[in-house]
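Residue-level structure breakdown
Below, each chain spelled out in residue letters.
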Number of protein chains: 2
Amino acid sequence: MLVLAELVDGVRRFRELHRLIPGISQRMLTLTLRRLQRDGLVSRTAYATIPPQVEYALTELGHTLTGPMRVLADWATEHGAAFAEARRRWDAADGKTESIEAHPHRWPAPKSPSATGSGSR
Amino acid sequence: MLVLAELVDGVRRFRELHRLIPGISQRMLTLTLRRLQRDGLVSRTAYATIPPQVEYALTELGHTLTGPMRVLADWATEHGAAFAEARRRWDAADGKTESIEAHPHRWPAPKSPSATGSGSR
DNA sequence: CGGTATCCCATTGGATACTG
DNA sequence: CAGTATCCAATGGGATACCG
């Protein structure tokens, strides 16, 4: 998906993508690009020069995804902090957030079961 | 993500989710729900009845994702067919789509590109 | 430059059995 | 009902070496 994001700006060469996406291995970049090609989202254009030159670009279908991707990016911008904070809190408490909805039952209830919920507050 | 989609409609019990999401194992459903809880997207409420009853629901943060999810679903509705068709075509040709024009020229003078992707349209 | 081929370890996830 | 625990096969993906 980061690959698609980089291609939104325009045509990119292999090396360029490799540099722009931090931490990705050459192998994974290749595999990712092949899959995106297969899905019809990205086009690959090879030039028969002696240092080979290959350009990747979004296809028309690929461009239809830029809208949805921006929506997702906007969500992350707006709620990403709350998201991370929830994780931090959960990890700190290790699932010890107490909130029990004990309901009556006619059968003998053994004890108080532990309930963990993130929404109750 | 399918789990979140099912929860948009309202509160669901464990069994319900297991039934509604085809092909998911009990193990994976549990792991997925725990992760969503951890991320603050889903709340879990346990009732102390003798057949245990557990309800899952979206938290407020979880509800903020319904918009983005609908956007993605709409994209799939609109372009999913083209997507699948691209795959079918690629698999049928198995990547031997038109050979590249071999002009072993010495230094960069890009001439006739050969698109192996879905670019030329 | 832009890949492919190979090795190899870590993670994922299904199947199954057991529990409160 | 709603899980947890364990085993194990398949897959993912990094590191490295080599090729046109």
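Preceding this paragraph is the structure being described.
To keep things clear, this report deals only with the structure shown in the data block. Small disclaimer: the values here were computed from a predicted structure and weren't measured. (Residues numbered from 1 in each chain as written. Chains lettered and ligands numbered in written order. Predicted model: local features only at pLDDT ≥ 70, side-chain atom pairs only at ≥ 80, totals over all residues. Heavy atoms only, no water.)

Re helix 5 (residues 66-93) of chain B
Think of an α-helix as 3.6 residues a turn; residues three or four steps apart then line up on the same face. Taking 1.5 Å of rise per residue, 28 residues should cover 40 Å, and helix 5 of chain B covers 38 Å from first to last C-alpha, within 8% of that figure. Here helix 5 of chain B has its buried residues at B:Pro68, B:Met69, B:Trp75, B:His79 and B:Ala86. Residues of helix 5 of chain B that are buried in the fold lie against helix 3 (26-38), helix 4 (60-63) and helix 5 (66-93) of chain A together with helix 1 (2-8) of chain B. Residue B:Asp94 follows helix 5 of chain B closely and has a positive phi angle near 55 degrees. (Helix = DSSP H or I, 4+ residues; strand = E, 2+ residues; numbered from the N terminus. Expected span 1.5 Å × (residues − 1). Buried < 20%, exposed > 50% of the residue type's maximum accessible area, 1.4 Å probe, protein only. Contact = heavy atoms within 4.5 Å.)

Description of the protein's contact with DNA strand C
Of all residues adjacent to DNA strand C, which total 16 residues, the nearest are A:Gln26, A:Arg44, A:Tyr56, B:Ser25 and B:Arg27. Within the contact set of DNA strand C, a phosphate oxygen lies 2.6 Å away from a side-chain nitrogen or oxygen of A:Tyr56. Note that a base nitrogen of DNA strand C is positioned 2.6 Å from one of the side-chain N or O atoms of B:Arg27. Secondary-structure elements contributing two or more residues to the surface near DNA strand C are helix 2 (14-20), helix 3 and strand 3 (53-58) of chain A together with helix 3 (26-38) of chain B. Among the elements that make up the surface near DNA strand C, the one with the highest residue count is helix 3 of chain A (4 residues). Residues of the surface near DNA strand C, tallied by class, amount to 6 nonpolar, 4 polar and 6 charged. (Near = heavy atom within 4 Å. Polar contact = N/O pair within 3.5 Å; in protein donor to acceptor, adjacent residues only side chain to side chain. Nonpolar A, V, L, I, M, F, W, Y, C, P; charged D, E, K, R; others polar.)

A word on the environment of B:Pro68
If you trace the backbone, B:Pro68 turns up in helix 5. Under the relative-accessibility criterion, B:Pro68 is labelled buried at 8%. Separated by 54 residues in sequence, B:Pro68 and B:Phe14 have C-alpha atoms that sit 25 Å apart. Residues in contact with B:Pro68, not counting those within four places in the same chain, are A:Val71, A:Leu72 and A:Trp75.

Remarks on the protein's contact with DNA strand D
In the vicinity of DNA strand D there are 15 residues, among which A:Ser25, A:Arg27, B:Gln26, B:Arg44 and B:Tyr56 approach most closely. For DNA strand D, the fraction of protein-proximal atoms (within 4 Å) that sit in sugar or phosphate groups is 62%. Residue B:Arg34 places a side-chain N or O atom 3.1 Å away from a phosphate oxygen belonging to DNA strand D. Note that a sugar or linking oxygen of DNA strand D is positioned 3.4 Å from one of the backbone N or O atoms of B:Pro52. Elements with a contribution of two residues or more to the surface near DNA strand D: helix 3 of chain A together with helix 2 (14-20), helix 3 and strand 3 (53-58) of chain B. Looking at the surface near DNA strand D element by element, the count peaks at 4 residues for helix 3 of chain B.

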